[in-house]
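Below are the chains, spelled out letter by letter.
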Amino acid sequence: SKKMRAIAAGGLALVSLTVVLGCSKQPPSDLPLTEPVARAKALEKVPGTVVHHELDDEDDRWVHSFRIEPSAEPKAQKEVDVDARSGEVVEIENE
């Protein structure tokens, strides 16, 4: 029935909202590495075009995560993670 579908959809929306809000952590305000500086470090390692950026909490470490289309391989994408405290490039992987 329409009523049952509406209840099911409402329940799914509530579960989805709970999962999204429950998993998101706010980054600390004292992270020293800004996004533009982290972007420059990522592009030093993988020259190209940044198509996506996120600030993520990965394994209890805040990282600026960049998805880059490398200049040398325009159809490929690489993810470059830069530690938001130290500025170290901690991971480069193919997407």
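Parameters and conventions
Residues numbered from 1 in each chain as written. Predicted model: local features only at pLDDT ≥ 70, side-chain atom pairs only at ≥ 80, totals over all residues. Heavy atoms only, no water. Helix = DSSP H or I, 4+ residues; strand = E, 2+ residues; numbered from the N terminus. Buried < 20%, exposed > 50% of the residue type's maximum accessible area, 1.4 Å probe, protein only. Polar contact = N/O pair within 3.5 Å; in protein donor to acceptor, adjacent residues only side chain to side chain. Contact = heavy atoms within 4.5 Å. Pairing = 2+ DSSP bridges. Core = buried A, V, L, I, M, F, W, Y, C linked by side-chain atoms within 4.5 Å.

Engineer: Talk me through the side chain of Ser65; I want residue IDs and the actual numbers.
Structural biologist: Mapped onto the secondary structure, Ser65 falls in strand S2 (residues 61-70). Exposure remark for Ser65: the relative accessible area of 6% places this residue in the buried category. Here the side chain of Ser65 touches Asp81 through a polar contact of 2.8 Å, side chain to side chain. Residues within four places of Ser65 in sequence aside, it is in contact with His52, His53, Glu54, Asp56, Glu79, Val80 and Asp81.

Engineer: Can you lay out the environment of Pro74 for me, pointing to particular residues and giving the numbers?
Structural biologist: With respect to the helices and strands, Pro74 occurs in the loop between S2 and strand S3 (78-83). Between the C-alpha atoms of Pro74 and Thr49, which are 25 residues apart in sequence, the distance is 8.9 Å.

Engineer: Tell me what's going on with the pairing of strand S1 (residues 48-58), and back it up with residues and numbers.
Structural biologist: Every other side chain in a regular strand lies on the same face of the sheet, so the side chains alternate between the two faces. Of the pairings in the sheet, the one linking S1 to S2 comprises 10 bridges and is antiparallel in character. Note that in S2 the partner of Thr49 across the bridge is Glu69. Where S1 folds back on S2, the antiparallel hairpin that results is connected by 2 residues, among which Asp59 adopts a positive phi of roughly 55°.

Engineer: So, unusual backbone geometry: which residues are in play, and what are the values?
Structural biologist: Of note, Asp59 is a non-glycine position whose phi angle comes to about 55°, a positive value. Within the fold, Asp59 resides in the loop between S1 and S2. Looking at Asp59, the relative accessible area reads 78%, which means it is exposed. Even without glycine at this site, Asp60 takes up a positive phi of about 60°. Note on placement: Asp60 falls in the loop between S1 and S2.

Engineer: Tell me about the nonpolar core, and name the residues and values.
Structural biologist: Among the nonpolar cores identified, the biggest contains 9 residues, and these are Leu33, Ala38, Ala42, Val46, Val50, Phe66, Ile68, Val80 and Val82. Of all the secondary-structure elements, those providing two or more residues to this core are helix H2 (35-45), S2 and S3. Apart from the residues lying within four places of it in its own chain, the contact partners of Val46 are Ile68, Pro70, Lys78, Val80 and Ile92.

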